[in-house]
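# Report on the structure
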Amino acid sequence: MFSPDTYRARRAELAQKVGSGLILLIGNVDSPFNYTDNIYPFRQDSSFLYFFGLDLPGLAALIDADSGEAVLFGDDGGLDSIVWTGPLPTLAEQAAEVAVARTEGLAALAGAIAAARGQGRSVHYLPPYRGEQRIQLAALLDQPVAAIDAGASDALARAVIELRAVKSAAEIAEMENALEIAYRMHLLALRSARPGVREQEIVGLMQGLAASQGRALAYNIIFSRDGHILHNHGHGHVLKSGDLVVNDAGAESPLHYASDITRTIPVGGRFNERQKVVYQAVLDAQLAAIAAMKPGVPYREVHDLAARVLVEGLAPLGLFRGDAAEVVASGAYALVFPHGLGHLIGLDVHDLEGLGEDRVGYGEGVTRSADFGRRSLRLGRPLREGWVVTVEPGAYFIPALIERWEAEGRHAGQIDYAVARQFADFGGIRIEDDVLVTADGARVLGKPIPKTIAEVEALASA
Ligand code: GLY
Ligand code: MN
Ligand code: MN
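Nothing here was measured: the structure is a model prediction, and the numbers come from that model.

The next subject is the confidence of the model for the chain. Summarising the model, the chain shows a mean pLDDT of 97, and 100% of its residues fall at 70 or more. Mean pLDDT values for the elements of the chain range from 82 in helix 3 (residues 79-84) up to 99 in strand 14 (residues 433-437).

In structure tokens:
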């Protein structure tokens, strides 16, 4: 946990930004996967972690935005908890760890909210993302469940986004700690992904490594020779020499900050010539994007820059015709790069997206594009110092997409479909790092994980 003062200061800033009313933050409860007592590993709500730091289920809190006072609500465990789960710190002990002076039983929360509403005060709450939260909010606010999402506080969500998006030095240290595990997971995968091995075996090695350090994964691992299927969680293929495997894997730090790293592995230890061209184009796009990042630069522009460098790098293939900037402006580039360049990362792997993807990623003169490809960019607005952002360009050959676009005659002047069709068995390539926006540029966080062709080939197993 950070120091008690850290949490006190964060809450004071939040109260000041929201200005007036009550701020209600609800911690997560245990989540059953088939019956009540058989639960998923507990994951605390990220905003609750940020402002109250406590990593146990069944807590809630109020911050009075006018006075700044915070109250922690929860119940001390009874005899059953001593027998079944072991004694836990009392609510008062937990509160003291995060500089909260007042505690109440959970049953008092409804009364506190009703009293405030009776006085005509607003009760601000964040958009919920779990059914249990909606039900709890509906009961507390005496509203139908269906009305809860629409009643969430825009002012509170924006204040939380502003605060959580900027990372302190202590938070960066946590993220580098999460990246250390990701570093080890990726090196292990790179050395183990040899011909004849089933994808699941490598996934299991990475999961085991994280688990052996007591770490949760930050998200479900993507590890597939079908890297062109973007959110593909199947791990059933046996690897063969010549395959490219996209490995998108990251872990959490002890305080639940995420790492999100992708590398692409040549099975058998060598890229062939065609793979080299595409790989180098993706790498050059990533490096150009990182070099262009600094406060004030809209990330949408960085996305477009990466797309242009990618298209330029693919020139030897003859896939795209004409000027690279035109290929990007028209949207034709999205045939091979249909997702966004990256997203904020922090306590959530897609940081803060639970509070509204557009609230987090757009505004300040940048609106989300409706175009295929660019519309999947989750972060478009100008970068700020202290943000951590993923930079993850890729190139994918999706046979069904190529077929569909060709049949529709889309971008027919700019795409040579005869060439595209020759890549039906190529799969995909993505390279992803987590990058801190500094005062005048950007810095890749964590120990460098091999990513040049020479570095990757030197470590990949034959
Ligand atoms: N690992 C999910 C992502 O890269 O966005
Ligand atoms: Mn990512
Ligand atoms: Mn990723």
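With that out of the way, let us pick up the site of ligand 1. The local shell around ligand 1 consists of Y219, D248, D260, H343, H350, E392 and E432. Side-chain polar atom of H343 to an oxygen atom of ligand 1: 3.0 Å apart, as the coordinates give it. Between ligand 1 and H350, the relevant distance is 2.7 Å, taken from an oxygen atom to a side-chain nitrogen or oxygen of the residue. Burial of ligand 1 by the protein chains amounts to 87% of its free accessible area of 200 Å². Of the residues contributing to the shell around ligand 1, the split by class is one nonpolar, two polar and four charged.

Here the focus is the pattern of salt bridges. Using the criterion set out here, one finds 37 salt bridges in the structure. Between E273 and K276 there is a salt bridge, with its nearest N and O atoms 3.7 Å apart. With E273 and K276 both in helix 11 (residues 273-292) and three residues apart, the pair spans about one turn of that helix. Each of E353, E357, D358, R368 and R378 takes part in one network of salt bridges that share partners.

Spatial ordering of the open sheet is given by 8-9-10, a layout of three strands whose pairing is antiparallel. Looking along the sheet, the strands with just one partner apiece sit at the ends: strand 8 (222-224) and strand 10 (261-266). Strand-to-strand, the axes of this sheet are offset by a mean angle of 15°, without reference to chain direction. As paired elements, strand 9 (residues 244-249) and strand 10 share six bridges and run antiparallel to each other. What sits directly across from L244, in strand 10, is P266. Those strands touched by helix 10 (residues 199-212) are strand 8 and strand 9, and its axis lies near 150° from that of strand 8.

For the rest of this paragraph, the subject is the sheet that holds strand 15 (residues 442-444). The strand order across the open sheet formed by three strands is 11-14-15, and the pairing between neighbours is antiparallel. Edge strands, defined here as strands with exactly one partner in the open sheet, are strand 11 (388-391) and strand 15. Going from strand to strand, the sheet's axes swing by 35° on average, the running direction of each strand aside. The sheet contact formed by strand 11 and strand 14 spans four bridges and is antiparallel. Each residue of the ladder has a partner; that of T390, found in strand 14, is D434.

Listed as protein donors to the manganese ion (ligand 3) are D248 (OD), D248 (OD), D260 (OD) and E432 (OE); their distances from the metal cover 2.1 to 2.4 Å. Coordination geometry of the manganese ion (ligand 3): the six donor atoms subtend angles of 57 to 168° at the metal centre, consistent with an arrangement described as irregular. For the manganese ion (ligand 3), the donor residues sit on a single chain with the sequence spacing D-x11-D-x171-E. Here the manganese ion (ligand 3) and the manganese ion (ligand 2) are spaced 3.3 Å apart, linked through D260, which binds each one. Here the residue D260 occupies a position in the loop between strand 9 and strand 10, and E432 occupies one in the loop between strand 13 (428-430) and strand 14, the gap between them amounting to 172 residues.

Within the secondary structure, G21 is located in the loop between helix 1 (4-18) and strand 1 (22-26). For G21, a relative accessible area of 4% puts it in the buried group. Sequence spacing of G21 and L49 is 28 residues, and the spatial spacing of their C-alpha atoms is 21 Å. What G21 contacts, discounting residues up to four positions off in sequence, is I63, D64, A65, D66, R121, S122 and H124.

Counted according to the given criterion, the structure contains eleven aromatic pairs. Pairing F271 with Y279 gives two aromatic rings, centres 4.7 Å apart and planes at 50°, and the pair type is tilted. Each of the two residues, F271 as well as Y279, counts as buried. Put simply, the rings of F2, Y7 and Y257 touch in pairs and so form one group of aromatic residues. Positioned over the ring face of Y183 is K447, at 4.5 Å from the centre of the ring.

A few words on a nonpolar patch on the surface. Together, L79, I82, V83 and W84 make up a nonpolar patch on the protein surface, roughly 530 Å² of accessible area in all. With a relative accessible area of 71%, W84 lands in the exposed category.

This part covers the pairing of strand 1. Within strand 1, five of the five residues are buried, which leaves the element mostly enclosed by the surrounding structure. Relative to strand 7 (residues 123-125), strand 1 runs parallel, the two sharing three bridges. Note on strand 7: the bridge partner recorded for L24 is Y125.

This next bit is on the coordination of the manganese ion (ligand 2). In ideal tetrahedral geometry, four donors around a metal make angles of 109.5 degrees, whereas ideal octahedral geometry with six donors gives angles of 90 or 180 degrees. For the manganese ion (ligand 2), every protein donor is listed as D260 (OD), H343 (NE2), E392 (OE) and E432 (OE), and the spread of their distances is 2.1 to 2.2 Å. Around the manganese ion (ligand 2) sit six donor atoms, and with donor-metal-donor angles ranging over 50 to 157° the site reads as irregular. The sequence pattern formed by the donor residues of the manganese ion (ligand 2) is D-x82-H-x48-E-x39-E.

Reading guide: rules and limits
Residues numbered from 1 in each chain as written. Chains lettered and ligands numbered in written order. Predicted model: local features only at pLDDT ≥ 70, side-chain atom pairs only at ≥ 80, totals over all residues. Heavy atoms only, no water. pLDDT = per-residue confidence, 0-100. Helix = DSSP H or I, 4+ residues; strand = E, 2+ residues; numbered from the N terminus. Near = heavy atom within 4 Å. Polar contact = N/O pair within 3.5 Å; in protein donor to acceptor, adjacent residues only side chain to side chain. Areas by Shrake-Rupley, 256 points an atom, 1.4 Å probe, with all protein chains shown as cover. Nonpolar A, V, L, I, M, F, W, Y, C, P; charged D, E, K, R; others polar. Salt bridge = Lys/Arg side-chain N within 4 Å of Asp/Glu carboxyl O. Pairing = 2+ DSSP bridges. Axes fitted to C-alpha atoms, helices over the stretch in contact; angles between N-to-C directions. Contact = heavy atoms within 4.5 Å. Donors = N, O, S within 2.8 Å, 3.2 Å for Na, K, Ca; no water. Tetrahedral: all angles 85-135°; square planar, octahedral: opposite > 155°, others 65-115°. Buried < 20%, exposed > 50% of the residue type's maximum accessible area, 1.4 Å probe, protein only. Phe/Tyr/Trp six-rings, centres within 6.5 Å; stacked < 30°, edge-to-face > 60°. Lys NZ or Arg CZ within 6 Å of the ring centre and 35° of its normal. Patch = residues over 30% accessible without salt bridge, like charges linked within 9 Å, V, L, I, M, F, W, Y side chains within 5 Å.

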